[in-house]
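Analysis of the macromolecular model
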Amino acid sequence: MSRAWRAAAAAVATGVVLAAAGPAAGQVARDAAVVVLPFENPGREPRVYWLSEGAAVFISDALATSGASPVDRDERLEAFEALQLPPAATLSHATVIKLGQALGAAQVVIGAYELDADDIVFRARIMDLGEGRLLPEVVERGPLADVMDVLARLARELTPDQAADAQRRSPALPRQAFEAYVKGLIAETPEAQVSFLAQARQAAPADARVHLALWQVHTAAGRHQEAFDASAAVPPGTPWSRAAAYRAALSELALGRLTGAYARLQSLQQEAPSAAVANALGIVQLARGGGTPDTGRATYFFHQATGIDPDDGDYFFNLGYAYALERDAAGAVYWLREAVRRDPADGTAHAVLAMALRHTGATAEAAREQALAERLLGRDALEAASAGSVPRGLERHKTRIERRVPAVASVISASGQRELGELAAFHLDVARRAFEREAFGEAEQALRRALFLSPYLADAHLLLGQALLRQQRPAAAVQVLTIAVWSEPTVAAHLALAEAHLRLDDVAAARAEVERALALEPDAPDALAFLGRLPPPAR
């Protein structure tokens, strides 16, 4: 079988041991944060290719209605992209653990399926990250024609015993609708996605999941009226009604129907406060020219968003950006610094911060921020900002009404009694020790804590870039190491950045970094050795 199903030795090597059998040993814990990964198809059966994603979607829906807290598909795909993993990759146990930790999950469901004559066989296991154990395998089989029943039995084996609240239940899609829905999710072109999802809608016209998937496809293609119609078709009283109303408001905002968007968002916010809804209200007010004291200014709503979710740098960017548009340079500087604290590689935030700093008279610091923005975004990026005017259209939307996965700031312990510099140094020392024992994931977490406290700490950026390289994440390393060489240009930083570029097959960029290292220290042996590794420049 595939790597996910190899013997226990592989599990032990990653710190996961087999659990003892028990009456509920193979079940997801109630209220647990869990991610269900696409099932492997080791036989590469083309007839049932869609079941890889289909099994993950089906089981996630079952877990959501039984009291667990599954990571949604969009968050899972974002994590795959951040870790530079192909969406359908076969993952080792070590990578599964890393992915689960990145998503804040306590448990991960992994699985595989195969055809055996006219039968379909599903196998699933739960990896408990908290206890470091791999739970016993659950197996279900049955005729391929009855695949939905087989999946339902598998889901029952994995879900908690306690019955779900009837309000949270959603009817299972019929086979024809479910297959078309999943094929629509994974199709490679918007046209194919719409075609499959239209088939699913015809077979199950009242299913909210199909309508929301259509909203996403139409929105990505800029067809905002069609997107609005899809979200408005979600029936009330379903678990997705609130998400549908939020997305309908986003469509109205894109269509310029600001009054309708504002009313819909206000209703959602009165029902239950949400950072995403407050953020969207701020964007509506920006589109209205900033808002009024009666309806609320954009900055008021962005303040609300940062208060509800203080971990998300986008809300702080929007707040600082709104102050910049209001020509309140001091307010813009304060909140944009909070944005880059949460994401030091946010080039747009650095560029707008540079503009705001110039308006406060801090020209030297402004030039430094602009230089970093140019490194991160390219020299020609945000020309209007560098000229002193604030570009329009930089505000950041959220397509989900709630965000379950925590940002890095959520792991920062609040401590007003210790000097931030000392605390950053403490986390840097923890990271160095973790790096030395090759615990690169642990080192990355400690370094992100250090950088939250001290965003321009050059040693932390360099070590983080090296940790990312050791985790085979060169694209992420380029961003981090770009800040490292900007913060403190050293031979080591330039060579680490050269290595990241080389792993991305950008030989010209790697050569440029080696030459910068040699400009600092012409006889540097590591730089000369690196230069010898590079092919001769093209003529």
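Preceding this paragraph is the structure being described.
Here goes a summary of the coordinates provided. (Residues numbered from 1 in each chain as written. Predicted model: local features only at pLDDT ≥ 70, side-chain atom pairs only at ≥ 80, totals over all residues. Heavy atoms only, no water.)

So, the packing of aromatic side chains
Here the structure, examined in full by the defined rule, presents 11 aromatic pairs. Ring geometry for Tyr300 against Phe301: centres 5.1 Å apart, planes inclined by 70°, an arrangement best described as edge-to-face. Here a set of aromatic residues connected by ring pairs shows up, and it is made of Phe39, Tyr113 and Phe122. Lying across the ring of Phe316, Arg342 places its NZ or CZ 3.9 Å from the centre. (Phe/Tyr/Trp six-rings, centres within 6.5 Å; stacked < 30°, edge-to-face > 60°. Lys NZ or Arg CZ within 6 Å of the ring centre and 35° of its normal.)

Thoughts on the nonpolar core
Grouped together as the largest cluster of nonpolar side chains are 97 residues, with contacts concentrated most on Phe39, Leu51, Ile120, Phe122, Phe178, Tyr181 and Tyr246. Those residues in contact with Ile120, other than ones at most four positions away along the chain, are Leu51, Tyr113, Glu114, Leu115, Glu140, Arg141, Gly142, Pro143, Leu144, Val147 and Val150. (Core = buried A, V, L, I, M, F, W, Y, C linked by side-chain atoms within 4.5 Å. Buried < 20%, exposed > 50% of the residue type's maximum accessible area, 1.4 Å probe, protein only. Contact = heavy atoms within 4.5 Å.)

Re helix H10 (residues 241–254)
For H10, spanning 14 residues, the distance from its first C-alpha to its last is 20 Å, which sits close to the expected 20 Å at 1.5 Å a residue. Most of H10 is tucked away: 11 of the 14 residues are buried. Regarding H10, the residues found buried are Arg242, Ala244, Ala245, Tyr246, Arg247, Ala248, Ala249, Leu250, Ser251, Glu252 and Leu253. Those residues of H10 that are buried are in contact with helix H3 (73–82), helix H8 (208–220), helix H9 (224–232), helix H11 (258–271) and helix H12 (275–287). (Helix = DSSP H or I, 4+ residues; strand = E, 2+ residues; numbered from the N terminus. Expected span 1.5 Å × (residues − 1).)

Focus: helix H14 (residues 313–325)
In this model, H14 (13 residues) spans 18 Å end to end at C-alpha, consistent with the 18 Å of a helix rising 1.5 Å per residue. Among the 13 residues that make up H14, 12 are buried, leaving the element largely enclosed by the rest of the structure. Those residues of H14 that sit buried are Gly313, Tyr315, Phe316, Phe317, Asn318, Leu319, Gly320, Tyr321, Ala322, Tyr323, Ala324 and Leu325. Elements that come into contact with the buried residues of H14 comprise H12, helix H13 (298–308), helix H15 (329–342) and helix H16 (347–360). Its side-chain oxygen at 2.9 Å from the backbone nitrogen of Asp314, Asp312 defines the N-terminal cap of H14. Arg327 lies just past H14 and shows a positive phi near 65°. (Polar contact = N/O pair within 3.5 Å; in protein donor to acceptor, adjacent residues only side chain to side chain.)

Section: the pairing of strand E4 (residues 107–116)
A large share of E4 lies buried, amounting to eight of its 10 residues. Taken together, the three bridges between strand E2 (residues 33–36) and E4 define a ladder with parallel strand orientation. From the neighbouring strand, Val34 faces E4, where its bridge partner is Gln107. Direction of pairing for E4 relative to strand E5 (residues 119–128): antiparallel, over a ladder of 10 bridges. Bridge assignment links Tyr113 to a residue of E5, and that residue is Phe122. With antiparallel pairing between neighbouring strands as the criterion, E4 and E5 make up a hairpin whose turn holds two residues, including Ala117 at a positive phi of roughly 60°. (Pairing = 2+ DSSP bridges.)

Digging into the environment of Leu99
Along the polypeptide, Leu99 turns up in helix H4 (residues 93–102). Not counting the four nearest positions on each side in its chain, Leu99 is found in contact with Leu37, Ala79, Phe80, Leu83 and Leu91.

Things to note about the packing of H14 against H15
Orientation of H14 relative to H15, taken along the N-to-C sense of each, is 160°, at an axis distance of 8 Å. Classified by the angle their axes make, H14 and H15 are roughly antiparallel. In this structure, H14 crosses over H15, and the sense of that crossing is left-handed. Contacts between H14 and H15 involve Gly313, Phe316, Phe317, Leu319, Gly320, Tyr321, Tyr323 and Ala324 on the former and, on the latter, Gly331, Ala332, Trp335, Leu336, Glu338, Ala339 and Arg342. When the residues that make up the contact of H14 with H15 are grouped by side-chain class, the tally is 10 nonpolar, three polar and two charged. (Axes fitted to C-alpha atoms, helices over the stretch in contact; angles between N-to-C directions. Parallel < 35°, antiparallel > 145°, perpendicular 65-115°, else oblique. Left-handed = near helix turned anticlockwise from the far one by under 90°. Nonpolar A, V, L, I, M, F, W, Y, C, P; charged D, E, K, R; others polar.)

Digging into the environment of Tyr334
For Tyr334, the location among the structural elements is in helix H15. Tyr334 gets classed as partly exposed once you look at its relative accessible area, which sits at 48%. It is 9.7 Å that separates the C-alpha atoms of Tyr334 and Tyr323, two residues lying 11 residues apart in sequence.

A word on unusual backbone geometry
At Arg44, a residue that is not glycine, the phi angle is positive and equals roughly 50°. Inspection of the secondary structure assignment puts Arg44 in the loop between E2 and helix H2 (51–64). Even without a glycine there, the phi angle at Arg327 is positive, about 65°. Assignment of secondary structure puts Arg327 in the loop between H14 and H15. Since its relative accessible area comes to 77%, Arg327 is described here as exposed.

It is worth stressing that arrangement in space is one thing and function is another; only the former is reported here.
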